[in-house]
Amino acid sequence: MARARLRGLGLNIGSLPTGKFNAITDVAGVTVGYFTLISDVPQVARTGITAIWPRGAETWSDYVFAGDFSFNGNGEMTGLPWIAEQGLLGAPIGITNTYQVGMVRDAICALAVGDGTPQEFLLPVVAETYDGWLSESQSFPLTVEHAFAAFNSAIGGGPIAEGNVGGGTGMTCHEFKGGTGTASRVVIENEARYTVGALVQANYGLREALRIDGVPVGHEIGPDLVPAHYSGRAAARQDQEGGSIIVVLATDAPLLPIQCQRLARRATTGLAWVGGFGSNSSGDLFIAFSTANHIGPNEKITNVRMLAPSAMTGLFRAAAEATEEAILNALCMAETMTGKNGRTVYALPLDRLEHVMRRYRSA
(Lines give C-alpha, C1' and ligand atoms only; values in the text may rest on other atoms or scores of the structure.)
Protein backbone atom coordinates (compact mmCIF):
# COMPACT_ATOMS: atom_id res chain seq x y z
CA MET A 1 0.00 0.00 0.00
CA ALA A 2 1.35 3.43 -0.95
CA ARG A 3 2.45 5.63 1.93
CA ALA A 4 0.01 8.36 2.91
CA ARG A 5 -0.38 10.93 5.64
CA LEU A 6 -2.79 10.17 8.45
CA ARG A 7 -5.61 12.26 6.96
CA GLY A 8 -4.96 10.71 3.57
CA LEU A 9 -6.17 7.48 5.18
CA GLY A 10 -9.37 9.17 6.27
CA LEU A 11 -8.18 9.29 9.89
CA ASN A 12 -8.84 12.74 11.33
CA ILE A 13 -7.81 13.39 14.91
CA GLY A 14 -8.12 16.33 17.26
CA SER A 15 -10.76 19.04 17.43
CA LEU A 16 -9.06 22.06 15.84
CA PRO A 17 -8.87 22.71 12.07
CA THR A 18 -5.57 22.31 10.27
CA GLY A 19 -3.83 24.92 8.18
CA LYS A 20 -3.98 24.70 4.38
CA PHE A 21 -1.12 22.22 4.07
CA ASN A 22 -1.26 20.79 7.61
CA ALA A 23 2.42 21.62 7.98
CA ILE A 24 4.76 23.92 9.87
CA THR A 25 5.02 25.92 6.63
CA ASP A 26 1.42 27.05 7.17
CA VAL A 27 3.00 29.66 9.44
CA ALA A 28 3.83 32.45 6.99
CA GLY A 29 7.55 32.91 6.41
CA VAL A 30 8.67 29.55 7.80
CA THR A 31 10.76 27.54 5.33
CA VAL A 32 12.07 23.97 5.58
CA GLY A 33 14.88 22.26 3.70
CA TYR A 34 16.50 18.82 3.74
CA PHE A 35 19.59 16.95 2.78
CA THR A 36 19.14 13.16 2.75
CA LEU A 37 22.06 10.74 2.50
CA ILE A 38 21.33 7.10 1.66
CA SER A 39 24.41 5.20 0.53
CA ASP A 40 26.23 1.90 1.08
CA VAL A 41 29.78 2.94 0.10
CA PRO A 42 32.26 3.95 1.38
CA GLN A 43 30.09 3.44 4.49
CA VAL A 44 26.48 2.60 5.17
CA ALA A 45 24.71 5.92 5.64
CA ARG A 46 21.04 6.43 6.41
CA THR A 47 21.14 9.97 7.68
CA GLY A 48 20.64 13.63 6.82
CA ILE A 49 19.96 17.19 7.93
CA THR A 50 16.74 19.12 8.40
CA ALA A 51 16.77 22.92 8.23
CA ILE A 52 14.05 25.24 9.59
CA TRP A 53 14.17 28.98 8.93
CA PRO A 54 11.71 31.07 10.99
CA ARG A 55 11.64 33.78 8.29
CA GLY A 56 13.69 32.40 5.46
CA ALA A 57 16.85 34.37 4.73
CA GLU A 58 15.45 37.37 6.63
CA THR A 59 16.01 35.43 9.86
CA TRP A 60 19.57 36.77 10.05
CA SER A 61 18.40 40.36 10.54
CA ASP A 62 14.78 40.00 11.70
CA TYR A 63 14.80 37.99 14.91
CA VAL A 64 11.94 36.02 16.42
CA PHE A 65 11.07 35.40 20.06
CA ALA A 66 11.72 31.81 21.19
CA GLY A 67 11.56 29.53 24.20
CA ASP A 68 12.44 25.90 24.88
CA PHE A 69 11.52 23.00 27.14
CA SER A 70 13.38 19.82 28.06
CA PHE A 71 10.94 17.02 28.89
CA ASN A 72 13.90 14.69 29.37
CA GLY A 73 17.43 15.82 28.79
CA ASN A 74 19.47 12.88 27.48
CA GLY A 75 19.94 14.65 24.16
CA GLU A 76 21.43 17.76 22.63
CA MET A 77 20.02 21.04 21.42
CA THR A 78 22.72 23.67 21.19
CA GLY A 79 22.25 27.38 21.84
CA LEU A 80 19.67 26.98 24.60
CA PRO A 81 21.50 28.97 27.33
CA TRP A 82 21.32 32.05 25.10
CA ILE A 83 17.69 31.36 24.22
CA ALA A 84 16.91 31.18 27.95
CA GLU A 85 18.87 34.36 28.62
CA GLN A 86 17.80 36.55 25.71
CA GLY A 87 14.74 34.83 24.25
CA LEU A 88 15.68 35.62 20.66
CA LEU A 89 16.40 33.41 17.67
CA GLY A 90 18.31 34.98 14.79
CA ALA A 91 19.46 31.95 12.80
CA PRO A 92 17.97 28.81 11.25
CA ILE A 93 17.45 25.66 13.31
CA GLY A 94 19.16 22.41 12.31
CA ILE A 95 18.30 18.80 13.19
CA THR A 96 20.61 15.88 12.40
CA ASN A 97 22.17 12.74 13.90
CA THR A 98 23.88 12.63 17.30
CA TYR A 99 27.45 12.53 16.01
CA GLN A 100 27.22 15.54 13.72
CA VAL A 101 25.54 18.28 15.72
CA GLY A 102 28.81 20.23 15.91
CA MET A 103 29.35 20.14 12.16
CA VAL A 104 25.86 21.44 11.42
CA ARG A 105 26.25 24.13 14.07
CA ASP A 106 29.54 25.26 12.51
CA ALA A 107 27.95 25.18 9.05
CA ILE A 108 25.29 27.64 10.20
CA CYS A 109 28.04 29.98 11.40
CA ALA A 110 29.84 29.65 8.07
CA LEU A 111 26.58 30.25 6.21
CA ALA A 112 26.05 33.43 8.22
CA VAL A 113 29.52 34.68 7.37
CA GLY A 114 29.01 33.89 3.70
CA ASP A 115 25.68 35.71 3.70
CA GLY A 116 27.26 38.80 5.25
CA THR A 117 24.92 38.83 8.25
CA PRO A 118 25.12 41.77 10.69
CA GLN A 119 25.67 39.50 13.70
CA GLU A 120 29.12 39.56 15.28
CA PHE A 121 28.72 36.03 16.63
CA LEU A 122 26.21 33.19 16.56
CA LEU A 123 25.10 30.50 18.98
CA PRO A 124 22.93 28.42 16.64
CA VAL A 125 20.25 25.94 17.67
CA VAL A 126 21.00 22.43 16.39
CA ALA A 127 19.36 19.28 17.75
CA GLU A 128 19.85 15.53 17.30
CA THR A 129 18.45 12.06 17.59
CA TYR A 130 20.50 8.88 17.20
CA ASP A 131 20.40 6.96 13.91
CA GLY A 132 23.15 4.46 14.68
CA TRP A 133 20.91 1.40 14.41
CA LEU A 134 20.68 1.84 10.64
CA SER A 135 23.58 4.18 9.84
CA GLU A 136 27.32 4.04 10.52
CA SER A 137 27.16 7.26 12.51
CA GLN A 138 30.74 6.93 13.76
CA SER A 139 31.98 7.36 10.20
CA PHE A 140 30.70 10.98 10.19
CA PRO A 141 29.22 10.69 6.68
CA LEU A 142 27.73 14.19 6.49
CA THR A 143 29.81 17.19 5.39
CA VAL A 144 29.54 20.96 5.63
CA GLU A 145 28.50 20.99 1.96
CA HIS A 146 25.61 18.69 2.81
CA ALA A 147 24.55 21.10 5.55
CA PHE A 148 24.71 24.02 3.13
CA ALA A 149 22.52 22.05 0.73
CA ALA A 150 19.89 21.52 3.43
CA PHE A 151 19.75 25.16 4.47
CA ASN A 152 19.87 26.50 0.91
CA SER A 153 17.08 24.20 -0.28
CA ALA A 154 14.50 25.45 2.23
CA ILE A 155 11.03 26.24 0.87
CA GLY A 156 7.85 27.58 2.42
CA GLY A 157 4.20 28.22 1.72
CA GLY A 158 3.40 24.66 0.73
CA PRO A 159 3.70 20.96 1.60
CA ILE A 160 7.04 19.51 2.64
CA ALA A 161 8.49 16.00 2.54
CA GLU A 162 8.03 13.60 5.47
CA GLY A 163 9.21 10.20 6.59
CA ASN A 164 12.70 9.09 5.55
CA VAL A 165 14.02 12.56 4.81
CA GLY A 166 16.59 14.93 6.29
CA GLY A 167 17.63 14.29 9.86
CA GLY A 168 14.80 11.77 10.17
CA THR A 169 16.18 9.41 7.53
CA GLY A 170 17.55 6.71 9.85
CA MET A 171 15.10 6.98 12.74
CA THR A 172 12.80 4.48 14.47
CA CYS A 173 9.51 5.30 16.24
CA HIS A 174 7.54 2.88 18.44
CA GLU A 175 9.60 0.10 16.86
CA PHE A 176 8.33 0.97 13.39
CA LYS A 177 10.23 3.12 10.91
CA GLY A 178 10.13 6.72 12.12
CA GLY A 179 11.52 10.01 10.88
CA THR A 180 10.32 13.49 10.00
CA GLY A 181 6.71 14.61 10.32
CA THR A 182 4.75 17.84 10.37
CA ALA A 183 1.25 19.15 11.06
CA SER A 184 -0.56 22.39 11.95
CA ARG A 185 -3.61 23.74 13.73
CA VAL A 186 -5.57 26.99 13.48
CA VAL A 187 -6.99 28.88 16.46
CA ILE A 188 -9.36 31.87 16.54
CA GLU A 189 -8.85 34.29 19.45
CA ASN A 190 -10.82 37.54 19.64
CA GLU A 191 -11.62 37.25 15.91
CA ALA A 192 -7.92 36.89 15.05
CA ARG A 193 -6.68 33.75 13.27
CA TYR A 194 -3.46 32.17 14.52
CA THR A 195 -1.59 29.12 13.25
CA VAL A 196 0.59 26.73 15.22
CA GLY A 197 2.80 24.38 13.19
CA ALA A 198 4.92 21.47 14.39
CA LEU A 199 7.85 19.61 12.86
CA VAL A 200 9.18 16.52 14.63
CA GLN A 201 12.11 14.17 14.31
CA ALA A 202 10.67 11.03 15.91
CA ASN A 203 13.05 8.35 17.16
CA TYR A 204 11.51 7.03 20.37
CA GLY A 205 8.98 4.68 21.89
CA LEU A 206 7.92 1.13 22.64
CA ARG A 207 5.60 -0.79 20.33
CA GLU A 208 3.05 -1.58 23.02
CA ALA A 209 2.77 2.08 24.02
CA LEU A 210 1.70 3.34 20.57
CA ARG A 211 -1.81 4.81 20.52
CA ILE A 212 -3.59 6.61 17.70
CA ASP A 213 -6.62 8.65 18.71
CA GLY A 214 -6.78 6.53 21.85
CA VAL A 215 -6.69 3.22 19.97
CA PRO A 216 -3.97 0.79 21.21
CA VAL A 217 -2.45 0.32 17.77
CA GLY A 218 0.84 -0.96 19.18
CA HIS A 219 -0.93 -3.86 20.87
CA GLU A 220 -3.00 -4.60 17.78
CA ILE A 221 0.00 -4.55 15.41
CA GLY A 222 2.54 -6.26 17.60
CA PRO A 223 5.91 -7.87 16.79
CA ASP A 224 4.12 -11.11 15.91
CA LEU A 225 2.55 -9.29 12.93
CA VAL A 226 5.29 -6.81 12.04
CA PRO A 227 8.77 -7.67 13.35
CA ALA A 228 10.29 -5.13 15.69
CA HIS A 229 13.72 -3.92 14.68
CA TYR A 230 15.45 -5.28 17.78
CA SER A 231 14.48 -8.91 16.91
CA GLY A 232 14.09 -9.82 20.54
CA ARG A 233 17.55 -8.66 21.68
CA ALA A 234 17.18 -7.19 25.18
CA ALA A 235 20.04 -4.72 24.76
CA ALA A 236 18.59 -3.28 21.59
CA ARG A 237 15.18 -2.98 23.21
CA GLN A 238 16.75 -1.11 26.09
CA ASP A 239 18.26 1.28 23.56
CA GLN A 240 14.83 1.86 22.06
CA GLU A 241 13.36 2.67 25.48
CA GLY A 242 15.79 5.57 25.48
CA GLY A 243 14.99 6.87 22.01
CA SER A 244 14.47 10.58 21.48
CA ILE A 245 12.26 13.16 19.81
CA ILE A 246 12.85 16.74 18.74
CA VAL A 247 9.84 19.03 18.35
CA VAL A 248 9.97 22.46 16.69
CA LEU A 249 6.84 24.59 17.09
CA ALA A 250 6.18 27.75 15.08
CA THR A 251 3.34 30.23 15.44
CA ASP A 252 2.27 33.62 14.09
CA ALA A 253 0.53 34.47 17.37
CA PRO A 254 2.22 37.41 19.15
CA LEU A 255 4.11 35.71 21.97
CA LEU A 256 6.90 36.84 24.25
CA PRO A 257 9.78 34.44 25.04
CA ILE A 258 8.22 33.11 28.25
CA GLN A 259 5.00 32.43 26.33
CA CYS A 260 7.01 30.55 23.69
CA GLN A 261 8.49 28.51 26.51
CA ARG A 262 5.00 27.73 27.77
CA LEU A 263 3.94 26.72 24.26
CA ALA A 264 6.98 24.43 23.89
CA ARG A 265 5.96 22.57 27.06
CA ARG A 266 2.65 21.56 25.45
CA ALA A 267 4.45 19.37 22.93
CA THR A 268 4.71 16.98 25.89
CA THR A 269 0.95 16.44 25.78
CA GLY A 270 0.95 15.54 22.09
CA LEU A 271 3.85 13.15 22.65
CA ALA A 272 1.99 11.49 25.52
CA TRP A 273 -1.18 11.05 23.45
CA VAL A 274 0.81 8.95 20.97
CA GLY A 275 2.54 6.95 23.70
CA GLY A 276 5.75 8.74 24.63
CA PHE A 277 6.50 9.02 28.32
CA GLY A 278 10.05 10.35 28.56
CA SER A 279 12.14 7.37 29.63
CA ASN A 280 15.28 7.86 31.69
CA SER A 281 17.70 7.88 28.76
CA SER A 282 15.44 9.70 26.30
CA GLY A 283 16.25 13.07 24.74
CA ASP A 284 12.90 14.85 24.42
CA LEU A 285 13.72 18.47 23.58
CA PHE A 286 11.28 21.08 22.30
CA ILE A 287 11.60 24.64 21.01
CA ALA A 288 8.89 27.13 20.00
CA PHE A 289 9.17 30.45 18.22
CA SER A 290 6.78 33.25 17.28
CA THR A 291 7.09 35.21 14.04
CA ALA A 292 4.62 37.97 15.05
CA ASN A 293 7.12 40.45 16.44
CA HIS A 294 10.08 41.80 14.51
CA ILE A 295 13.29 42.41 16.45
CA GLY A 296 16.23 44.04 14.69
CA PRO A 297 19.70 43.16 16.00
CA ASN A 298 20.74 46.81 16.38
CA GLU A 299 17.50 48.38 17.60
CA LYS A 300 17.67 50.10 20.99
CA ILE A 301 13.91 50.14 21.58
CA THR A 302 11.38 47.80 20.01
CA ASN A 303 7.62 47.92 20.32
CA VAL A 304 6.16 44.42 20.66
CA ARG A 305 2.73 42.83 20.90
CA MET A 306 1.69 40.08 23.31
CA LEU A 307 -1.27 37.75 23.40
CA ALA A 308 -3.06 37.98 26.75
CA PRO A 309 -2.27 35.06 29.08
CA SER A 310 -5.98 34.25 29.30
CA ALA A 311 -6.00 33.71 25.51
CA MET A 312 -3.21 31.11 25.49
CA THR A 313 -5.28 27.98 26.11
CA GLY A 314 -6.30 27.56 22.48
CA LEU A 315 -2.66 27.75 21.40
CA PHE A 316 -1.73 25.15 23.99
CA ARG A 317 -4.27 22.76 22.52
CA ALA A 318 -3.07 23.56 19.02
CA ALA A 319 0.53 22.76 19.98
CA ALA A 320 -0.48 19.44 21.52
CA GLU A 321 -2.65 18.40 18.56
CA ALA A 322 -0.08 19.47 15.96
CA THR A 323 2.68 17.57 17.76
CA GLU A 324 0.53 14.46 17.99
CA GLU A 325 -0.35 14.48 14.32
CA ALA A 326 3.18 15.35 13.21
CA ILE A 327 4.45 12.20 14.94
CA LEU A 328 1.74 10.11 13.30
CA ASN A 329 2.51 11.61 9.89
CA ALA A 330 6.14 10.62 10.39
CA LEU A 331 5.04 7.04 11.09
CA CYS A 332 2.61 6.94 8.18
CA MET A 333 5.00 8.40 5.62
CA ALA A 334 8.18 6.54 6.60
CA GLU A 335 9.04 3.51 4.48
CA THR A 336 10.69 0.24 5.47
CA MET A 337 14.46 0.66 5.50
CA THR A 338 17.42 -1.73 5.62
CA GLY A 339 20.75 -0.36 6.75
CA LYS A 340 23.86 -1.19 8.76
CA ASN A 341 24.61 -4.91 9.22
CA GLY A 342 21.53 -5.75 7.18
CA ARG A 343 19.20 -4.50 9.89
CA THR A 344 15.66 -3.73 8.77
CA VAL A 345 13.14 -1.42 10.41
CA TYR A 346 9.64 -2.02 9.06
CA ALA A 347 7.12 0.67 8.25
CA LEU A 348 3.78 0.88 10.03
CA PRO A 349 1.48 -1.14 7.72
CA LEU A 350 -1.21 1.28 6.65
CA ASP A 351 -3.70 -1.36 5.56
CA ARG A 352 -3.58 -2.97 9.00
CA LEU A 353 -3.80 0.46 10.61
CA GLU A 354 -6.95 1.27 8.68
CA HIS A 355 -8.48 -2.06 9.68
CA VAL A 356 -7.68 -1.57 13.37
CA MET A 357 -8.98 2.00 13.44
CA ARG A 358 -12.25 1.04 11.68
CA ARG A 359 -12.83 -1.79 14.11
CA TYR A 360 -12.34 0.35 17.21
CA ARG A 361 -14.27 3.34 15.87
CA SER A 362 -17.26 1.22 14.91
CA ALA A 363 -17.32 -0.63 18.24
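Procedures and definitions
Within any chain, residue numbers begin from 1 and follow the written order of that chain's sequence. pLDDT decides what is reported in this predicted model: residues at 70 or higher carry local features, side-chain atom pairs at 80 or more are listed and counted, and totals for whole chains, interfaces and linings draw on all residues regardless. With hydrogens and water stripped out, all remaining heavy atoms of the structure feed into the side-chain values. What counts as a salt bridge is simple: a side-chain nitrogen of Lys or Arg found within 4 Å of a carboxyl oxygen of Asp or Glu. Secondary structure follows DSSP: runs of H or I at least 4 residues long count as helices, runs of E at least 2 residues long count as strands, and numbering of each begins at the N terminus. Whether a residue is buried, partly exposed or exposed follows from its accessible area with a 1.4 Å probe, protein chains only, as a fraction of its type maximum: under 20%, in between, or over 50%, in that order. Contacts are residue-level and defined by heavy atoms, with any inter-residue pair within 4.5 Å sufficient. The set of buried Ala, Val, Leu, Ile, Met, Phe, Trp, Tyr and Cys residues whose side-chain atoms join them within 4.5 Å is what this entry labels a nonpolar core. Whether two strands pair depends on DSSP finding at least two bridges between them. Between N-to-C directions, angles cover 0 to 180 degrees, with each direction set by a line fitted to C-alpha atoms, over the stretch in contact for helices. Only centres within 6.5 Å qualify two rings of Phe, Tyr or Trp (six-membered ring in Trp) as a pair; their planes then separate them into stacked at under 30 degrees, edge-to-face at over 60, and tilted for everything else. In this scheme, Lys NZ or Arg CZ marks a charge over a ring once it lies within 6 Å of the ring centre and within 35 degrees of the ring normal.

Enquirer: Lay out the pattern of salt bridges in plain terms, naming residues and giving numbers.
Expert: Pairing between side chains of opposite charge can happen when their charged atoms approach one another. Applying the stated criterion across every chain, the model contains 10 salt bridges. Among the salt bridges present, the one from Glu-325 reaches Arg-7, with a minimum N-O distance of 2.7 Å. Residue Glu-325 is located in helix H8 (residues 313-333), and its partner Arg-7 is located in the segment before strand E1 (31-39); the two are separated by 318 residues in the primary sequence. We classify Glu-325 as buried; its relative accessible area is 0%. One salt bridge connects Glu-325 with Arg-185, and the closest N-O pair in it is separated by 2.7 Å. Pair noted here: Glu-325 is in helix H8 and Arg-185 is in strand E10 (residues 179-189), with a separation of 140 residues, a long-range link. Judged by relative accessible area, which is 0%, Arg-185 ranks as buried. One salt-bridge network, in which partners are shared between bridges, spans Arg-7, Arg-185, Arg-317, Glu-321 and Glu-325.

Enquirer: I'd like a rundown of the side chain of Thr-182, residues and numbers included.
Expert: Along the chain, the position of Thr-182 falls in strand E10. Those residues in contact with Thr-182, other than ones at most four positions away along the chain, are Arg-5, Asn-22, Ala-23, Ile-24, Ile-160, Glu-162, Ala-198, Leu-199, Ala-326 and Asn-329.

Enquirer: With reference to specific residues and values, describe the nonpolar core.
Expert: Among the nonpolar cores identified, the biggest contains 56 residues, and Val-217, Ile-245, Leu-315 and Leu-353 are the most heavily contacted of them. Ranked by the residues each element gives to this core, the list is headed by H8, at 10 residues. Contact partners of Leu-353, with chain neighbours within four places excluded, come to Leu-9, Leu-11, Ile-212, Val-217, Ile-221, Cys-332 and Leu-348. Counting 25 residues, the second largest nonpolar core, distinct from the first, contains Val-27, Ile-52, Ile-83 and Ile-93.

Enquirer: Lay out unusual backbone geometry in plain terms, naming residues and giving numbers.
Expert: Of the consecutive residues Val-41 and Pro-42, the connecting peptide bond is found in the cis state with omega at -5°. In this fold, Pro-42 is placed in the loop between E1 and strand E2 (45-53). Look at Asn-190: it is not a glycine, yet its phi comes out positive at around 55°. With respect to the secondary-structure elements, Asn-190 resides in the loop between E10 and strand E11 (192-203). Unlike most non-glycine residues, Asp-213 shows phi in positive territory, near 55°. Judged by relative accessible area, Asp-213 falls into the partly exposed class, the value being 38%.

Enquirer: Got a sec to walk through the environment of Gly-56? Specific residues and values, please.
Expert: In this fold, Gly-56 is placed in the loop between E2 and strand E3 (63-73). The exposure class of Gly-56 is buried, given its relative accessible area of 10%. Residues Gly-56 and Ser-281, spaced 225 residues apart in sequence, show a C-alpha to C-alpha distance of 34 Å. Setting aside residues up to four positions removed in sequence, Gly-56 forms contacts with Gly-29 and Thr-31.

Enquirer: Which residues make up the sheet that holds E2, and what values go with them?
Expert: Across a sheet, paired strands are connected by hydrogen bonds in the backbone, their directions being either parallel or antiparallel. Taken in spatial order, the five strands line up as E6-E5-E2-E1-E7 in an open sheet, and their pairing is mixed. The open sheet has two edge strands with one neighbour each: strand E6 (125-129) and strand E7 (155-156). Judged from the three bridges that link them, E2 and strand E5 (residues 93-97) form a sheet pairing that is antiparallel. Paired with Ile-52 across the bridge in E5 is Ile-93. Relative to E6, helix H2 (residues 101-114) is tilted by about 155°, and along the sheet it contacts E2, E5 and E6. Relative to E1, helix H3 (residues 144-152) is tilted by about 145°, and along the sheet it contacts E1, E2 and E5.

Enquirer: Could you give me a rundown of the packing of aromatic side chains, with the residues and numbers involved?
Expert: Throughout the structure, instances matching the rule amount to five aromatic pairs. Judged by centre distance (6.3 Å) and plane angle (40°), the rings of Phe-69 and Phe-286 are tilted. Of this pair, Phe-69 sits in strand E3 while Phe-286 is found in strand E13 (residues 283-295), placing the two residues 217 residues apart along the sequence. Owing to a relative accessible area of 24%, Phe-69 belongs among the partly exposed residues under this scheme. With a relative accessible area of 0%, Phe-286 lands in the buried category. When the ring of Tyr-99 is compared with that of Tyr-130, the centres are 6.5 Å apart and the planes differ by 40°; the resulting orientation is tilted. Taken together, the positions of Tyr-99 in the loop between E5 and H2 and Tyr-130 in the loop between E6 and H3 put the pair 31 residues apart, joining distant regions of the chain. Above the ring of Phe-316, the side-chain terminus of Arg-266 is found at 3.7 Å from the ring centroid. Positioned above the aromatic ring of Trp-133 is the side chain of Arg-343, whose terminal nitrogen or guanidinium carbon lies 3.9 Å from the ring centre.

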